[in-house]
Amino acid sequence: QVLVLPYKIINRELYLIILKRNDMDVWQWIAGGVEENETIRDAALREAKEEIGIQDENFVLIELDSKCSIPKFYFKDMEAWPKDLYVITEHAFAIKLDAKSEIAISDEHCAHELINYKELVNFKTWDSNRTAAWELYCRLLNKGFISR
């Protein structure tokens, strides 16, 4: 499983594009599974293209340290999986979008918003999404790309 945080830096502040799921009352980043013969990194790029419609191949993709375990019962096709598979590891990435990047969300989502990192507290989302956003914020702050 991959989690991808689309972000922009505007006036030295971190902005994130958050998506509202169609099938539950929760906001999240881009998420999806790794397909057969696909690397985790390739899955992150493919999911970003599918879920927010990015086309440019030159995006900067940052692999984050954040990982989490998700119980398999959250996945629709879990019945086809091995009985002794209980959790799925989610690998987090961030993808930097430029100021001109247009967002075209997939049918998996019903809305999206560009939010300042500090506004994330106002959204109902998964702990893994909050952790990955915090890590990205700290990384960008430590490298001097954003300010507090």
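Remember, predicted model here, so these are calculated numbers, not experimental data. (Residues numbered from 1 in each chain as written. Predicted model: local features only at pLDDT ≥ 70, side-chain atom pairs only at ≥ 80, totals over all residues. Heavy atoms only, no water.)

Digging into the overall build of the chain
Within the chain one finds two helices and seven strands. Reading the helices (α) and strands (β) of the chain from amino to carboxyl end gives β-β-β-β-α-β-β-β-α. In terms of overall dimensions, the chain is globule-like: its C-alpha atoms have a radius of gyration of 15 Å, near the 15 Å expected for 148 residues. C-alpha extents for the chain along the principal axes are approximately 50 × 30 × 30 Å. Taken across its 148 residues, the chain has 46% of its residues classed as buried. (Helix = DSSP H or I, 4+ residues; strand = E, 2+ residues; numbered from the N terminus. Rg over C-alpha atoms; globule rule 2.2 N^0.38 Å. Buried < 20%, exposed > 50% of the residue type's maximum accessible area, 1.4 Å probe, protein only.)

What about the layout of surface pockets?
Estimated volume of the largest pocket: approximately 780 Å³. What lines the largest pocket is a set of 29 residues, among which Gln1, Arg21, Ala31, Tyr74 and Phe75 lie closest to the centre. Put simply, the parts of the chain that give the lining of the largest pocket at least two residues each are β4 (30-32), α1 (40-52), β5 (60-71), β6 (87-96) and α2 (127-142). (1 Å grid on protein atoms, 1.4 Å probe; cavity = no way out; pocket = protein on both sides within 12 Å on 5 of 7 lines; lining within 4 Å. Points joined across faces, edges and corners; volume = space filled by probe spheres on them.)

Some details on α1
The end-to-end C-alpha distance of α1, which contains 13 residues, comes to 18 Å, matching closely the 18 Å that a straight helix rising 1.5 Å per residue would cover. Buried within α1 are the following residues: Ala43, Ala44, Arg46, Glu47, Ala48, Glu51 and Ile52. Directly beyond the C-terminal end of α1, a positive phi value near 75 degrees is found at glycine 53. (Expected span 1.5 Å × (residues − 1).)

Observations regarding the confidence of the model for the chain
When pLDDT is averaged along the chain, the result is 92, and 98% of the positions lie at 70 or above. Here β5 stands out as the least confident element of the chain, with mean pLDDT 92; α2 is the most confident, with 97. (pLDDT = per-residue confidence, 0-100.)

Considering the side chain of glutamine 1
Tracing the chain through its elements places glutamine 1 in the segment before β1 (2-10). Apart from residues lying up to four places away in sequence, glutamine 1 is in contact with Ala31, Gly32, Gly33, Val34, Ile70, Phe75, Ile88, Thr89, Glu90 and His91. (Contact = heavy atoms within 4.5 Å.)

Comments concerning the packing of aromatic side chains
Under the counting rule described, the total for this entry stands at five aromatic pairs. Through a chain of ring-to-ring contacts, three or more aromatic side chains come together here, namely Phe73, Tyr74 and Trp126. (Phe/Tyr/Trp six-rings, centres within 6.5 Å; stacked < 30°, edge-to-face > 60°.)

With respect to the environment of asparagine 142
With respect to the helices and strands, asparagine 142 occurs in helix α2. Relative accessible area serves as the criterion here: at 67%, asparagine 142 is assigned to the exposed category. For asparagine 142 and leucine 16, which are 126 residues apart along the polypeptide, the C-alpha to C-alpha distance reads 18 Å.

Notes on the environment of glutamate 79
You can see glutamate 79 is positioned in the loop between β5 and β6. Each C-alpha atom, one on glutamate 79 and one on alanine 133, is 31 Å from the other, the two residues being 54 residues apart in sequence.

Quick look at empty space enclosed by the protein
What the rule picks out here adds up to one cavity of 30 Å³ or more. Reported here for the largest cavity is a volume of approximately 50 Å³. A class-by-class count of the residues in the lining of the largest cavity yields four nonpolar, two polar and two charged. (Nonpolar A, V, L, I, M, F, W, Y, C, P; charged D, E, K, R; others polar.)

Looking at the pattern of salt bridges
Tallied over the full model, the rule gives 10 salt bridges. Of the charged contacts, one joins glutamate 47 and arginine 46 as a salt bridge, the two residues approaching to 3.0 Å between their closest N and O atoms. In this structure, glutamate 47 and arginine 46 share a single accessibility class: buried. Note that glutamate 135 is salt-bridged to arginine 139, the shortest N-O span being 2.8 Å. Within this pair, glutamate 135 and its partner arginine 139 are both found in helix α2, separated by four residues, close to a single helical turn. What makes glutamate 135 buried here is its relative accessible area of 10%. Residue classification places arginine 139 among the partly exposed positions, given a relative accessible area of 26%. Each of Glu35, Glu38, Arg46, Glu47 and Glu50 takes part in one network of salt bridges that share partners. (Salt bridge = Lys/Arg side-chain N within 4 Å of Asp/Glu carboxyl O.)

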